[in-house]
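Given next are the chains, with one letter for each unit.
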Amino acid sequence: MLIAGNWKMNTDRQRAVSLARDVLEHVGDSDSDVLVAICPPFVNLEAVSSVVSGSAVRLGAQNVHHAESGAFTGEVSVPMLQGVGCHYAIVGHSERRQYFCETDETVNEKVKACVDSRLVPIVCVGESLSEREENKQEEVVTRQVRKALSGVDLPDAASLVVAYEPVWAIGTGRTATPEQAQEVHALIRGLLVQSFGETIGKAINILYGGSMNPGNAEELLAQTDVDGGLIGGASLKPDQFAAIVESARNQAAIN
Ligand code: PGA
């Protein structure tokens, strides 16, 4: 299981450091059954890295460029992220697809660059509200997952994380029901098994994201194919984030 906090474009340097300290204090030492990660804005990665280094809390970035270096003004590469201690990078978040022209093709390039260099991509997929209303979620998610993972040579299950984030549930307070989440997670599980075989496909963490909070985490995390959460709003509140981690620990103890 993995609980990852996506801080989005929030926190100045000082706030990022104090939030990271609070998370450490609230979450304590993460156990091996439930991994914990936080993803601050690029400019605060290094400051947060010095807070969490040596602890079990892992660091992630919110985006990455597929090239190693070069004339790509404003972009940040895989080795740069690894140089400041990142273990993960979120790839293809719906806000990036929606506002920054990311496509299934660019997502695929990023995933390949990450996996090749052992930075773990958290690949986000999910349908929009109108696609859900037209009952197209399976078609959309299947296309997104297939394209994101096309040509990816995965050494093991820990090298990839997938996050199902229905766009209509992000930051809206509207959550997918546990049944809706499980239905799409099971679909993703099948695609992962198809791509990488039974052993790896079954062990890849599939996170749910979209208004996950302490009130709904337990039910969502209890679903067979929900292996954690990608948390936006609630990750900025250490007590709420810690409560979600606690739910994941309880669930891991049952499994
Ligand atoms: P939310 O965001 O928890 O605020 O809905 C989740 C995400 O966008 O990753």
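Peer 1: Explain the site of the ligand to me, please; I cannot follow it from the model alone.
Peer 2: Around the ligand, the surrounding shell holds 13 residues, and the nearest of these are K8, H93, E165, G171 and S211. Here an oxygen atom of the ligand sits 2.7 Å away from a polar atom, N or O, in the side chain of E165. Between an oxygen atom of the ligand and a main-chain N or O atom of S211, the distance comes to 2.7 Å. Protein chains bury 95% of the 290 Å² of accessible surface belonging to the ligand in isolation. In the shell around the ligand, the residues fall into four nonpolar, seven polar and two charged.

Peer 1: I keep staring at the sheet that holds strand β4 (residues 86-91) and nothing clicks. Help me out?
Peer 2: Strands belonging to one sheet form pairs held by backbone hydrogen bonds; the direction of such a pair is parallel or antiparallel. Read around the closed barrel, the eight strands follow the order β1-β2-β3-β4-β5-β6-β7-β8; overall the barrel is parallel. Neighbour to neighbour, the strand axes of the sheet diverge by 25° on average, direction disregarded. By the bridge criterion, four bridges tie strand β6 (residues 161-164) to strand β7 (residues 205-209) in an arrangement that is parallel. Note on β7: the bridge partner recorded for V161 is N205. Packing of helix α11 (residues 238-254) onto the sheet brings it into contact with β1 (2-6), β2 (35-39) and β8 (228-231), and relative to β1 it is tilted by some 165°.

Peer 1: Would you take a moment to explain the layout of surface pockets for this structure?
Peer 2: Roughly 450 Å³ of volume is contained in the largest pocket. Around the largest pocket, the lining is made up of 14 residues, and of these M9, Q62, N63, R96 and F100 lie nearest the centre. Residue contributions to the lining of the largest pocket peak at three residues, all from helix α4 (residues 94-99). By residue class, the composition of the lining of the largest pocket is five nonpolar, five polar and four charged. Looking at the second largest pocket, its volume works out to about 230 Å³. Lining the second largest pocket are 17 residues; nearest its centre among them are S94, R97, G126, Q144 and V167. Mapped onto the lining of the second largest pocket, the elements with two or more residues apiece are α4, β5 (120-125) and α7 (137-149). Looking at the lining of the second largest pocket residue by residue, the class counts come to four nonpolar, seven polar and six charged.

Reading the values: the criteria
Residues numbered from 1 in each chain as written. Predicted model: local features only at pLDDT ≥ 70, side-chain atom pairs only at ≥ 80, totals over all residues. Heavy atoms only, no water. Near = heavy atom within 4 Å. Polar contact = N/O pair within 3.5 Å; in protein donor to acceptor, adjacent residues only side chain to side chain. Areas by Shrake-Rupley, 256 points an atom, 1.4 Å probe, with all protein chains shown as cover. Nonpolar A, V, L, I, M, F, W, Y, C, P; charged D, E, K, R; others polar. Pairing = 2+ DSSP bridges. Helix = DSSP H or I, 4+ residues; strand = E, 2+ residues; numbered from the N terminus. Axes fitted to C-alpha atoms, helices over the stretch in contact; angles between N-to-C directions. Contact = heavy atoms within 4.5 Å. 1 Å grid on protein atoms, 1.4 Å probe; cavity = no way out; pocket = protein on both sides within 12 Å on 5 of 7 lines; lining within 4 Å. Points joined across faces, edges and corners; volume = space filled by probe spheres on them.

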